[in-house]
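Residue-level structural notes
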Amino acid sequence: MSIAIRKPSEIESLRKANKIVAKTLNYLKANVKPGITLKELDAMGEDFIRSSGGIPAFKGLYGFSGSVCISVNEVIIHGIPTDYALKEGDIVGLDLGVNLNGWYGDSAITCGVGNISQENQRLIACAKDTLYFAIDQIKVGMHFKELSHLIEQFILDYGYVPLRGFCGHGIGKKPHEEPEIPNYLEGSNSKQGYKIKDGMVFCIEPMICQKSGEPKILKDDWSVVSTDGLNGSHYEHTIAIIKGKAEILSKE
């Protein structure tokens, strides 16, 4: 496995792609309301990306039909845009990527539709808090497995469990590159494997389940839920390691 080390100029190209991602997510979040359909949100996202000079990275990726992964309630990731109209109290995950001049950006949020329950508010907060906790913990020289272990423990301490079988990832000239970064420790030794270095760019994306972290893929062959059938949440940022610190690229 080879993890790319990016030059400062390459990181700036990645930053530009990720800025479009962030702006698109903020635009879509402002339009999440009862009555709007997932297909309408998807079309809005694609139009916004293209009008910003980018290309929707997810459209056609591995055969995905939409430009935005839109995951409602129990769907944690990879939800397909459909004619479903959002309802008051739903929670919806928005995950999208952008290709700008051959460089990729990727980020995700989960937000509520109108007024949502305290339970759902806390579920969303876990994904967001875990993401920012993880970013704050990143140090040059630490093993990626150490980061995965810290993420897992934070989620467990919150009272939830990480979705298994899916992970964060490197990003650059492709939307998914090495390394894979699970939200849980694989094996028993966190002090092994690849270490974080300056110039690396990767996505951290906590995926939160309530009781069971075992995944189930629905009949559409895309939507991922937990076997517990309960609502889940998801947050993601693209980050770059610059002068020993993790910097968020997917922000305006």
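What you see is a predicted model; the values in this text were computed from it and never measured.

**Regarding the environment of Phe48**
Residue placement: Phe48 occurs in helix H2 (residues 38-51). With 23 residues separating them in the primary sequence, Phe48 and Leu25 have C-alpha atoms 9.7 Å apart. Discounting residues that sit within four places of it in the chain, Phe48 has contacts with Lys23, Thr24 and Tyr27.

**Quick notes on the sheet that holds strand S9 (residues 201-204)**
Taken together, five strands build an open sheet; the order of strands is S8-S7-S9-S14-S15 and the sheet is antiparallel. Of all the strands in the sheet, just strand S8 (177-182) and strand S15 (245-248) have a single pairing partner and so form its edges. Between one strand axis and the next, the sheet turns by 30° as a mean value, whatever way the strands run. With two bridges connecting them, strand S7 (residues 167-170) and S9 associate as antiparallel partners. Bridging from a neighbouring strand, His169 pairs with Cys203 of S9. Packed on one face of the sheet, helix H1 (residues 8-30) meets S9, strand S14 (237-242) and S15 and runs near 160° to S14.

**Side note on the state of the cysteines**
Per the stated rule, a full pass over the model turns up zero disulfides. Not part of a disulfide, Cys69 finds its nearest cysteine sulfur in Cys203, a span of 13 Å. Residue class for Cys69 comes out buried when judged on its relative accessible area of 6%. Here Cys111 stays unpaired: no disulfide links it, and the sulfur of Cys69, its closest cysteine neighbor, is 14 Å away. By relative accessible area, which is 6% here, Cys111 ends up buried.

**Some thoughts on the sheet that holds strand S12 (residues 224-226)**
Strand order in the open sheet formed by three strands is S3-S12-S11, with antiparallel pairing between adjacent strands. Two strands lie at the open edges of the sheet, namely strand S3 (75-77) and strand S11 (215-217), each paired on one side alone. If you compare each strand with its neighbour and ignore which way they point, the axes differ by 50° on average. As paired strands, S11 and S12 are joined by three bridges and run antiparallel to one another. From the neighbouring strand, Ile217 faces S12, where its bridge partner is Val224.

**Considering the pattern of salt bridges**
Inspection of the entire model under this criterion finds seven salt bridges. Measuring nitrogen to oxygen at the nearest pair gives 3.1 Å for the salt bridge that ties Arg15 to Glu12. Of this pair, Arg15 and Glu12 both sit in helix H1, three residues apart, which is roughly one turn of the helix. Residue Glu12 is classed as partly exposed on the basis of its relative accessible area of 36%. Between Lys191 and Glu146 there is a salt bridge, with its nearest N and O atoms 2.9 Å apart.

Parameters at a glance
Residues numbered from 1 in each chain as written. Predicted model: local features only at pLDDT ≥ 70, side-chain atom pairs only at ≥ 80, totals over all residues. Heavy atoms only, no water. Helix = DSSP H or I, 4+ residues; strand = E, 2+ residues; numbered from the N terminus. Contact = heavy atoms within 4.5 Å. Pairing = 2+ DSSP bridges. Axes fitted to C-alpha atoms, helices over the stretch in contact; angles between N-to-C directions. Disulfide = S-S within 2.5 Å. Buried < 20%, exposed > 50% of the residue type's maximum accessible area, 1.4 Å probe, protein only. Salt bridge = Lys/Arg side-chain N within 4 Å of Asp/Glu carboxyl O.

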